[in-house]
2 protein chains.
Amino acid sequence: MSRTQISAQQNAAYHAALQDILRAAQQLLAGGGSALDAVSLAVDLLEDCPLFNAGHGAVFTHAETHELDAAIMDGATLRAGAVACVSRVRRPLRAARAVMEHSEHVLLVAAGAEAFAQEQGLELVSPDYFSTAARREQLQRALATATAVLDHDGASLLFREPAANASPLDEGQKLGTVGAVALDAQGNLAAATSTGGMTNKRPGRVGDSPLIGAGTYADNRTAAVSCTGTGEMFIRMATAYDVCARMAYGGVSLDTAAREVVMKALPTIGGRGGLIAVDGRGNLSLRFNTEGMYRGWARVGETPLSAIYADADEGCAA
Amino acid sequence: MSRTQISAQQNAAYHAALQDILRAAQQLLAGGGSALDAVSLAVDLLEDCPLFNAGHGAVFTHAETHELDAAIMDGATLRAGAVACVSRVRRPLRAARAVMEHSEHVLLVAAGAEAFAQEQGLELVSPDYFSTAARREQLQRALATATAVLDHDGASLLFREPAANASPLDEGQKLGTVGAVALDAQGNLAAATSTGGMTNKRPGRVGDSPLIGAGTYADNRTAAVSCTGTGEMFIRMATAYDVCARMAYGGVSLDTAAREVVMKALPTIGGRGGLIAVDGRGNLSLRFNTEGMYRGWARVGETPLSAIYADADEGCAA
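If you're wondering where the values come from, they're calculated on a predicted model, not measured in any experiment. (Residues numbered from 1 in each chain as written. Chains lettered and ligands numbered in written order. Predicted model: local features only at pLDDT ≥ 70, side-chain atom pairs only at ≥ 80, totals over all residues. Heavy atoms only, no water.)

Some details on the interface of chain A and chain B
Contacts between the two partners involve 46 residues from chain A, matched on the other side by 46 residues from chain B. Of the roughly 4,000 Å² buried between chain A and chain B on both sides combined, carbon and sulfur atoms contribute 60%. Per-residue buried area on chain A facing chain B is highest for A:Glu119, A:Arg236 and A:Tyr249; these three make up 18% of the total on that side. Seen at the junction of chain A and chain B, the total is two salt bridges. (Contact = heavy atoms within 4.5 Å. Buried area = accessible area lost by both parts, 1.4 Å probe. Salt bridge = Lys/Arg side-chain N within 4 Å of Asp/Glu carboxyl O.)

Quick look at the structure:
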């Protein structure tokens, strides 16, 4: 939604949720926890929070179902795990982590991913566990305004992406992704991302979030990166990995790499959104080419901060 | 299979198939056809040929089914399309191209991808269209030798990847991918990849082939790349995009980038396989860290060449 449409009350709810989650992850890291566990915990909590488009509170597909995607990557080993198009796994990020830790694979999708999650003893839920009234209203609005084209046999609808001006803070919040990146005391980086995708998406559509290199990447030698935005453009530019590649081969800093990718590269193909990233020395970058991006950051021993819009003074201390 | 296991007759069949396909794509390019059409044609023909692990002749999953993946990318526009886990689309690469050209998405999977292919009027087949006796025997051998572990409720099996020494020419050819890259007279690059994945794979597993940046990438400013090998490691290293990134940010040549990726980077995480690539000036690179890789290359006006093993003198002229 545009800035004027977001109420002060809504903003306060987002800040409170972000800061609660930051404090939990901060505490874990302060106690010697790993970056991998910190991003797992943060995304678990973000998935459970109905404000965010992941887990409970995920957007609806065109078929009025939910299809959830998630990925995690360990910067120390380059191990990674991801699931896409799951509808019954309560915490998709935990399924992604199980793929990383308990399979020889990186990406499992649809029924095969759900069967794996079940074998791993992860919690399965009825698909309507993810539904909220607010997301259902968003779908109704999207259906009312979508460009609908009957396909050749009239049996179903084709539909278009949100307009080019859609953003993570777009009208009705049709997009959105949750993600976390962390550096731990051992110097290890990790990244995790989870999403319901985009409102009114075609069933079977997979965005950048669960694709290693597109929406999620971590390598101790460079950075941990988690992206949000118009996923297709992030896939076409291998956005998360591109940040690391610019650092590794171009020798630029994390923030320079992130700015080049978000402010220069993505806009050449209409890519809108942003990313959060941390490098191996603890430098942070939270860059976006949209009006805002819900975000927060915390260092051990410092007060967590959260922000929504681009204004530097918009940061809100806990 | 090891070199000694491959009969001269089998080798001849592969050379003949590769060279027929090279001549068809060469003719298309000589007539002014686009790189996109050339890689589409080559992969169409490779999918139809039962010798290769894509389309008809694809390997079997653990569930004795076929799950096919494909991707295509246009280096001029960075547009891309892909499908994964389809079982009824006769030519998965055509479905990937339809995703690129007739949807707003990049990746569609499973039932959603098949529904889209059907809407697009693409040919659907019975899943057993893809089956061949040779691939069924490979599954039986894989099942007999796989490390099988009963899962927690005894309902299904977990199983491991092929051993670390598996390769595109491994015992029984459990892996394998077809791919094509091309440069056309307009200076445009394109890449396409298609595969049945790996024999005895878990249903729902997606490898690198359909993932833009992992198994497939094309950018006119750098190169078109298509990969084959132990897909999970290629995903974790964003292999196809990494070749382009090393060229773009590191300033190295295509072949230097390809050698760094295949001979140095991938082996650090046990990645085995190779890639084919062409840059915007027509330089080729066909690199692999295995005993061999079925491959061929042709320039307009020159005799197509094909090869299997690493020996420089192994190239076979048409």
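Still more ground to cover, so stick around.
Examining the environment of A:Glu232
Looking at the element boundaries, A:Glu232 is found in helix α6 (residues 231–236). For A:Glu232 and A:Arg205, which are 27 residues apart along the polypeptide, the C-alpha to C-alpha distance reads 9.9 Å. In terms of polar contacts, A:Glu232 uses its side chain to reach the side chain of B:His105, at 2.8 Å. (Helix = DSSP H or I, 4+ residues; strand = E, 2+ residues; numbered from the N terminus. Polar contact = N/O pair within 3.5 Å; in protein donor to acceptor, adjacent residues only side chain to side chain.)

Considerations on the packing of aromatic side chains
All names here are of chain B. Within this structure, the stated rule accounts for nine aromatic pairs over all chains. Relative to Phe52, the ring of Tyr14 has its centre 5.4 Å away and its plane inclined at 75°; by these criteria the two rings are edge-to-face. Taken together, the positions of Tyr14 in helix α1 (residues 8–30) and Phe52 in the loop between α2 (35–48) and β1 (68–74) put the pair 38 residues apart, joining distant regions of the chain. Like Phe52, Tyr14 is buried. With centroids separated by 4.9 Å and ring planes inclined at 80°, the aromatic side chains of Tyr217 and Tyr241 adopt a geometry described as edge-to-face. Separated by 24 residues along the polypeptide, Tyr217 in strand β9 (residues 216–218) and Tyr241 in helix α7 (residues 239–250) bring together distant segments of the chain. With relative accessibility at 1%, the residue Tyr217 sits in the buried group. Of the residues examined, Tyr241 reaches a relative accessible area of 7% and is grouped as buried. (Phe/Tyr/Trp six-rings, centres within 6.5 Å; stacked < 30°, edge-to-face > 60°. Buried < 20%, exposed > 50% of the residue type's maximum accessible area, 1.4 Å probe, protein only.)

Things to note about the relation of the copies chain A and chain B
With an RMSD of 0.0 Å, the fit of chain A onto chain B corresponds to turning through 180° and sliding 0.0 Å along the axis. Considering both components of the superposition, the chain copies are consistent with a two-fold axis. Take the interface residues of chain A: 100% of them recur as interface residues in chain B, which is what a same-surface contact looks like. (Least-squares fit on C-alpha atoms with pLDDT ≥ 70 in both.)

What about the environment of B:Gln140?
All names here are of chain B. Relative to the assigned elements, Gln140 resides in helix α5 (residues 133–145). On the basis of relative accessibility, which here comes to 41%, the residue Gln140 falls in the partly exposed class. Between the alpha carbons of Gln140 and Asp311 there is a distance of 32 Å; along the sequence they are 171 residues apart.

Structural notes on the nonpolar core
Most often, soluble globular proteins keep nonpolar side chains buried together rather than apart. Counting 90 residues, the largest nonpolar core has A:Val225, A:Leu275, B:Val225 and B:Leu275 as the members making the most contacts within it. Apart from the residues within four sequence positions on either side, A:Leu275 is in contact with A:Val225, A:Ser226, A:Cys227, A:Thr239, A:Val243, A:Ala258, A:Val261, A:Val262, A:Ser285, A:Leu286, A:Arg287 and A:Met293. (Core = buried A, V, L, I, M, F, W, Y, C linked by side-chain atoms within 4.5 Å.)

Points about the sheet that holds strand β12 (residues 284–288) of chain B
Consider a sheet: its strands pair through backbone hydrogen bonds, and that pairing is either parallel or antiparallel. Residues and elements named next belong to chain B. One open sheet accounts for four strands, arranged β9-β10-β11-β12; its pairing is antiparallel. Edge positions in the open sheet fall to β9 and β12, since each of these has one partner strand only. Neighbouring strand axes in the sheet, compared pairwise and without regard to direction, differ in orientation by 10° on average. Across the face of the sheet, α7 comes into contact with β9, β10 (223–229) and β11 (273–279) while running at roughly 145° to β10. (Pairing = 2+ DSSP bridges. Axes fitted to C-alpha atoms, helices over the stretch in contact; angles between N-to-C directions.)

A few points about the side chain of B:Lys201
Residues and elements named next belong to chain B. Take Lys201: it is sitting in the loop between β7 (189–195) and β8 (205–206). Asp69 is the oppositely charged side chain nearest to the buried, salt-bridge-free Lys201, at an N-O distance of 4.4 Å. Among the polar contacts listed, one links the side chain of Lys201 to the backbone oxygen of Gly196, at a separation of 2.9 Å. (Lys, Arg positive; Asp, Glu negative; His and termini not counted.)

Comments concerning the sheet that holds β1(B)
Spatially, β8(A)-β3(B)-β2(B)-β1(B)-β7(B)-β6(B) is the arrangement adopted by the six strands of the open sheet, whose pairing is mixed. The open sheet terminates on both sides in strands that have one partner only, identified here as β8 (205–206) of chain A together with β6 (178–183) of chain B. As judged from the two bridges shared by β8(A) and strand β3 (residues 107–109) of chain B, these two strands associate in the antiparallel manner. When the sheet's bridge partners are listed, A:Val206 is paired in β3(B) with B:Leu107. The strands touched by helix α4 (residues 110–119) of chain B within the sheet are β2 (79–86) and β3 of chain B, with β3(B) carrying the most contacts at an inclination of about 110°.

Regarding the environment of B:Asn53
Residues and elements named next belong to chain B. With respect to the element layout, Asn53 can be found in the loop between α2 and β1. Distance from Asn53 to Met198, taken between C-alpha atoms, is 8.6 Å for residues 145 residues apart in sequence. A polar atom in the side chain of Asn53 sits 3.0 Å from the backbone nitrogen of Val59. A distance of 2.7 Å separates the side chain of Asn53 from the backbone oxygen of Gly197, its partner in a polar contact.

Digging into the pattern of salt bridges
Evaluation of the coordinates by the stated rule reveals 34 salt bridges over all chains. With a shortest N-O distance of 2.9 Å, B:Glu260 and B:Arg246 are connected by a salt bridge. In this pair, B:Glu260 sits in helix α8 (residues 254–265) while B:Arg246 sits in helix α7, placing the two residues 14 residues apart along the sequence. Residue class for B:Arg246 comes out buried when judged on its relative accessible area of 13%. If you follow the salt bridges from partner to partner, you end up with A:Asp48, A:Arg90, A:Arg91 and A:Glu123 in one network.

A few points about helix α3 (residues 92–102) of chain A
All names here are of chain A. A large share of α3 lies buried, amounting to eight of its eleven residues. Turning to α3, its buried residues number three or more, namely Pro92, Leu93, Ala95, Ala96, Arg97, Ala98, Val99 and Met100. On the buried face of α3, the contacting elements are α2 (35–48), β1 (68–74), β2 (79–86), β3 (107–109), α4 (110–119) and β7 (189–195).

Considerations on the confidence of the model for chain A
Residues and elements named next belong to chain A. Per-residue confidence for chain A gives a mean pLDDT of 89; residues scoring 70 or more make up 86%. Under a pLDDT of 50 for its full length, residues 147–172 has, in the predicted model, 62 contacts with residues more than four places off or in other chains. For this predicted complex, the interface score ipTM comes out at 0.91, while the overall pTM is 0.92. (pLDDT = per-residue confidence, 0-100.)

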